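Close look at the chain arrangement
What follows is each chain in one-letter form.
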Amino acid sequence: MTSGDFKIGILVSGRGTNLQAIMDAIENGELNARIAVVLSNKKEAPALERARKKNIEAVTLNPKSYADKKEFDLALAKELEDRQIDLVCLAGYMRILGPEFIQKFKGKIINIHPSLLPAFPGLDVQQKAIDYGVKFSGCTVHFVNEEVDGGPIILQAVVPVHESDDAESLAQRILIQEHLIYPRAIQMIVENRLHIENRKVSYKESVS
Ligand code: GAR
């Protein structure tokens, strides 16, 4: 596969700093992939504007325009299938994907989550980490399966939790690491360097 042949579809709901990190990594030559489309469930998501600035197609699908969650997921899947994407990256996508969608793209969906999974799946996880009293937190890039935030772990990064932290300051510290590990994890997939057995991901030499 030559540089740029690997096509990514990115799902967003908000700010889009992880999308930005992925676009920057592509621009810097650290990530040999092309973003075929950015899909959002929210038309006001600033991530859409970030994509359009780089001439990347950015499409909103309004969940209210579909009969139910399954129909919405089907429409989402069609956008990705039409563009023959190789990998779906969730970058601050705040809807849970249904089992049909996950089956369709089995092994080809990854997510970034702002905690050291399996600790603190779900929402508001920086606050949960502070409330629990952990001394370290971080972020996780993982494959997406039917269990929310429960798929095989690809990469993690650790940050300290300070006594003075609130959710926002901890989120900022974690975000810096998210922007480093997410493009790196995608590049490992581009290079076909991941091997999954049971739920364990191991790294192999590049075979591409
Ligand atoms: C990131 O911190 C990401 O890890 C988190 O949302 C934020 C999105 O920021 N994702 C989740 O919590 C998914 N469960 P961004 O829009 O600036 O990339």
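The text that follows walks through the structure, step by step, so that each part is easy to find. Please read all numbers here as calculations on a predicted model, not as lab measurements.

**Quick word on the site of the ligand**
Around the ligand, a shell composed of Arg 15, Gly 16, Thr 17, Asn 18, Gly 92, Met 94, Ile 112, His 113, Pro 114, Leu 175 and Glu 178 is seen. Between Gly 16 and the ligand, the recorded distance is 2.8 Å, taken from a backbone N or O atom to an oxygen atom. Between the ligand and Thr 17 there is a distance of 2.6 Å, counted from an oxygen atom to a side-chain nitrogen or oxygen. Relative to its free-state accessible area of 450 Å², the ligand is covered by the protein chains to the extent of 89%. Every element with two or more residues in the shell around the ligand is listed here: α1 (17-27), β5 (109-113) and α6 (167-190). Across the shell around the ligand, the residue classes break down as 4 nonpolar, 5 polar and 2 charged.

**Notes on the packing of α1 against α6**
It is at 9 Å that the axes of α1 and α6 come closest, and there the two elements cross at 50°. In terms of orientation, α1 and α6 fall into the oblique class. Viewed along their axes, α1 and α6 form a crossing whose handedness is right-handed. For the pair formed by α1 and α6, the contact residues are Thr 17, Asn 18, Ala 21, Ile 22 and Ala 25 on the first element and Leu 175, Glu 178, His 179, Tyr 182, Pro 183 and Ile 186 on the second. Of the residues belonging to the contact of α1 with α6, the class tally is 7 nonpolar, 3 polar and 1 charged.

**With respect to the layout of surface pockets**
When its volume is computed, the largest pocket comes out at roughly 880 Å³. In terms of lining, the largest pocket is formed by 37 residues, of which the most central are Gly 92, Tyr 93, Met 94, Ile 112 and Pro 114. Looking at the lining of the largest pocket element by element, the count peaks at 6 residues for α6. By residue class, the composition of the lining of the largest pocket is 16 nonpolar, 13 polar and 8 charged.

**Considering the side chain of Asn 18**
Residue position: Asn 18 is located in helix α1. When near neighbours in sequence (up to four residues on either side) are disregarded, Asn 18 contacts Ala 91, Ile 112, Leu 175, Glu 178, His 179 and Tyr 182.

**Regarding the pattern of salt bridges**
With the rule as written, the count across this model stands at 9 salt bridges. Glu 100 is the salt-bridge partner of Lys 70, the closest N and O atoms lying 3.8 Å from each other. One end of the pair, Lys 70, is in helix α3 (residues 69-82); the other, Glu 100, is in helix α4 (residues 99-104), with 30 residues separating them in the sequence. Between Arg 173 and Asp 165 there is a salt bridge, and its shortest N-O distance comes to 2.7 Å. Three or more residues joined by partner-sharing salt bridges are found here, namely Glu 57, Glu 79 and Arg 83.

**What about the sheet that holds strand β3 (residues 58-60)?**
Taken together, 7 strands build an open sheet; the order of strands is β3-β2-β1-β4-β5-β6-β7 and the sheet is mixed. At either end of the open sheet lies a strand with only one pairing partner, and these are β3 and β7 (153-160). Neighbour-to-neighbour, the strand axes of this sheet turn through a mean angle of 20°, independent of strand direction. Across the sheet, α1 lies against β1 (7-12), β2 (34-40) and β5, angled at about 170° from β2, the strand it touches most.

**Structural notes on the packing of aromatic side chains**
The tally for this structure, following the rule as stated, stands at 3 aromatic pairs. Look at Tyr 66 and Phe 72: their rings are 5.6 Å apart centre to centre, the planes differ by 75°, and that puts the pair in the edge-to-face class. Note on Phe 101 and Phe 105: the rings are 4.9 Å apart at their centroids and 40° apart in plane angle, and the pair reads as tilted. Judged by relative accessible area, Phe 105 falls into the buried class, the value being 5%. Above the face of the Phe 72 ring, Arg 95 is positioned so that its terminal group lies 4.3 Å from the ring centre.

Parameters at a glance
Residues numbered from 1 in each chain as written. Predicted model: local features only at pLDDT ≥ 70, side-chain atom pairs only at ≥ 80, totals over all residues. Heavy atoms only, no water. Near = heavy atom within 4 Å. Polar contact = N/O pair within 3.5 Å; in protein donor to acceptor, adjacent residues only side chain to side chain. Areas by Shrake-Rupley, 256 points an atom, 1.4 Å probe, with all protein chains shown as cover. Helix = DSSP H or I, 4+ residues; strand = E, 2+ residues; numbered from the N terminus. Nonpolar A, V, L, I, M, F, W, Y, C, P; charged D, E, K, R; others polar. Axes fitted to C-alpha atoms, helices over the stretch in contact; angles between N-to-C directions. Parallel < 35°, antiparallel > 145°, perpendicular 65-115°, else oblique. Left-handed = near helix turned anticlockwise from the far one by under 90°. Contact = heavy atoms within 4.5 Å. 1 Å grid on protein atoms, 1.4 Å probe; cavity = no way out; pocket = protein on both sides within 12 Å on 5 of 7 lines; lining within 4 Å. Points joined across faces, edges and corners; volume = space filled by probe spheres on them. Salt bridge = Lys/Arg side-chain N within 4 Å of Asp/Glu carboxyl O. Pairing = 2+ DSSP bridges. Phe/Tyr/Trp six-rings, centres within 6.5 Å; stacked < 30°, edge-to-face > 60°. Buried < 20%, exposed > 50% of the residue type's maximum accessible area, 1.4 Å probe, protein only. Lys NZ or Arg CZ within 6 Å of the ring centre and 35° of its normal.

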